[in-house]
Amino acid sequence: MKSAKLFHHAPATQRNRDPILKVLQTCLPDPASVLEIASGTGEHAVYLSSNLPQVIHWQPTDIDPTAISSIEAWRQRDHHPKLRPALHLDVMATPQIIPSEYNTLLAINMIHIAPWQAAEGLMKLAQSLLCNEGILYLYGPFWQDDVSPVDSNLAFDASLRQRNPLWGIRNLEEVTHLAEVHGLARQAVIPMPANNLSVIFRKE
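Quick look at the structure, then. Please read all numbers here as calculations on a predicted model, not as lab measurements. (Residues numbered from 1 in each chain as written. Predicted model: local features only at pLDDT ≥ 70, side-chain atom pairs only at ≥ 80, totals over all residues. Heavy atoms only, no water.)

### Observations concerning the packing of aromatic side chains
Next, step 1: Summed over all chains, the structure comprises zero aromatic pairs.
Next, step 2: For Arg17, the ring lying beneath its charged end belongs to Tyr47, and the centroid distance is 3.9 Å. (Phe/Tyr/Trp six-rings, centres within 6.5 Å; stacked < 30°, edge-to-face > 60°. Lys NZ or Arg CZ within 6 Å of the ring centre and 35° of its normal.)

### Some points on the sheet that holds strand E5 (residues 135–140)
Next, step 1: Sheet architecture is open: seven strands sit in the order E3-E2-E1-E4-E5-E9-E8, paired in mixed fashion. In this open sheet, the two strands that pair with only one neighbour each are strand E3 (87–88) and strand E8 (184–192).
Next, step 2: In this structure, strand E1 (residues 32–37) lies alongside strand E4 (residues 104–108), joined through four bridges in parallel fashion. Residue pairing in the sheet places Ile37 in a bridge with Ala107 of E4.
Next, step 3: Contacting E1, E4, E5, E8 and strand E9 (196–203), helix H4 (residues 116–129) runs over the sheet at an angle of about 165° to E4. (Pairing = 2+ DSSP bridges. Helix = DSSP H or I, 4+ residues; strand = E, 2+ residues; numbered from the N terminus. Contact = heavy atoms within 4.5 Å. Axes fitted to C-alpha atoms, helices over the stretch in contact; angles between N-to-C directions.)

### Observations regarding the nonpolar core
Next, step 1: Within the largest apolar cluster, 30 residues are counted, with the highest numbers of intra-cluster contacts made by Ile37, Leu105, Leu122, Leu125 and Leu138.
Next, step 2: Residue assignment for this core shows that the elements contributing at least two residues are E1, E4, H4, E5, helix H6 (172–181) and E9.
Next, step 3: In terms of residues, this core owes the most to one element, H4, which gives seven residues.
Next, step 4: Counting residues in hydrophobic clusters, the runner-up holds 24 residues, among them Val34, Ala45, Leu48 and Tyr137. (Core = buried A, V, L, I, M, F, W, Y, C linked by side-chain atoms within 4.5 Å. Buried < 20%, exposed > 50% of the residue type's maximum accessible area, 1.4 Å probe, protein only.)

### Quick word on the side chain of Arg75
Next, step 1: On the secondary structure map, Arg75 appears in helix H3 (residues 65–78).
Next, step 2: Side-chain polar atoms of Arg75 contact the side chain of Glu72, separated by 2.9 Å.
Next, step 3: Those residues within four positions of Arg75 in sequence are excluded, and the remaining contacts are Val46, His80, Leu83, Arg84 and Pro85. (Polar contact = N/O pair within 3.5 Å; in protein donor to acceptor, adjacent residues only side chain to side chain.)

### A short note on H4
Next, step 1: For H4, built from 14 residues, the straight-helix expectation of 20 Å at 1.5 Å per residue is met to within 8% by its first-to-last C-alpha distance of 20 Å.
Next, step 2: Taken as a whole, H4 has its buried residues at Ala118, Ala119, Gly121, Leu122, Met123, Leu125, Ala126 and Leu129.
Next, step 3: Here the buried face of H4 lies against E1, E4, E5, H6, E8 and E9. (Expected span 1.5 Å × (residues − 1).)

### Some remarks on the pairing of E8
Next, step 1: Pairing of E8 with E9, which is carried by eight bridges, proceeds in the antiparallel orientation. Counterpart to Met192 in the pairing with E9 is Asn196.
Next, step 2: Two successive antiparallel strands, E8 and E9, enclose a turn made up of three residues, where Ala194 displays a positive phi of approximately 60°.

### Regarding the pattern of salt bridges
Next, step 1: Enumeration according to the criterion identifies four salt bridges in this entry.
Next, step 2: Across the pair Glu72 and Arg75 runs a salt bridge, and its minimum N-O distance is 2.9 Å. On the criterion of helical spacing, the pair formed by Glu72 and Arg75 is a turn pair, its members being three residues apart in helix H3.
Next, step 3: Assessed through its relative accessible area of 15%, Glu72 is described here as buried.
Next, step 4: For Arg186, the salt bridge is made with Glu173, and the minimal N-O distance between the two is 3.4 Å. Residue Arg186 is located in strand E8, and its partner Glu173 is located in helix H6; the two are separated by 13 residues in the primary sequence. (Salt bridge = Lys/Arg side-chain N within 4 Å of Asp/Glu carboxyl O.)

### Some words on the state of the cysteines
Next, step 1: Applying the stated criterion across every chain yields a total of zero disulfides.
Next, step 2: This cysteine, Cys131, is not joined by any disulfide, and Cys27 carries the nearest cysteine sulfur, 14 Å off.
Next, step 3: On the accessibility criterion, Cys131 (39% relative accessible area) is partly exposed. (Disulfide = S-S within 2.5 Å.)

### Points about the side chain of Thr176
Next, step 1: The topology assignment puts Thr176 in helix H6.
Next, step 2: If we skip the residues at most four places from it in the chain, Thr176 touches Arg186 and Phe201.

### Thoughts on unusual backbone geometry
Next, step 1: Cis peptide bonds are those with omega within 30 degrees of zero, and the linkage from Asp30 to Pro31 qualifies with 5°.
Next, step 2: Looking at the secondary structure, you find Pro31 in the loop between helix H1 (11–27) and E1.
Next, step 3: A positive phi angle, close to 60°, is found at Ala194, a residue other than glycine.
Next, step 4: Residue position: Ala194 is located in the loop between E8 and E9.
Next, step 5: For Ala194, a relative accessible area of 63% puts it in the exposed group.
Next, step 6: Although it is not a glycine, Asn195 sits at a positive phi angle of roughly 65°.
Next, step 7: In this structure, Asn195 sits in the loop between E8 and E9.

The analysis is restricted to geometry; functional conclusions fall outside its scope.
Written out as structure tokens, the structure is:
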């Protein structure tokens, strides 16, 4: 019973996992070797890796020891062979040595719940790690220059900045420029439920 405390739940996962799955079914390389950044509770890693047949292995990571414990609890419960043991990874720190075997980087609800330096670190990692034609997949809310912000995103952004002034919803054009500086071209912007976007970059 004690180990049950390691399981953590993110309510949003139940709402967004199937829309994310639908996008990944069409955009992932085949075969796909996935490095997930900021895996959180681990629920996305378990669900997506088990429902994407083109995935040969999925490496979850997080900066938070509590999250890593939760990922491991979910992984061990489901015994999914594609899902590797969780690793500690801080994209803002000097990167640890990671094998260059990944053609997909994935970050769900990450860059708005972190300082801008995390987005910079993510792009640096994508540039150094991804093979040519590899993809970086981002999911979350973004400001768009040609789209008026909705009230729910304005309120969410205010709540993030109240928790940490360095957090907040990012401007898509600024994220795209950062990606381009690191050799990534934006391939697709896909509207998602609840005023989120899937954004796909490809290494040139």
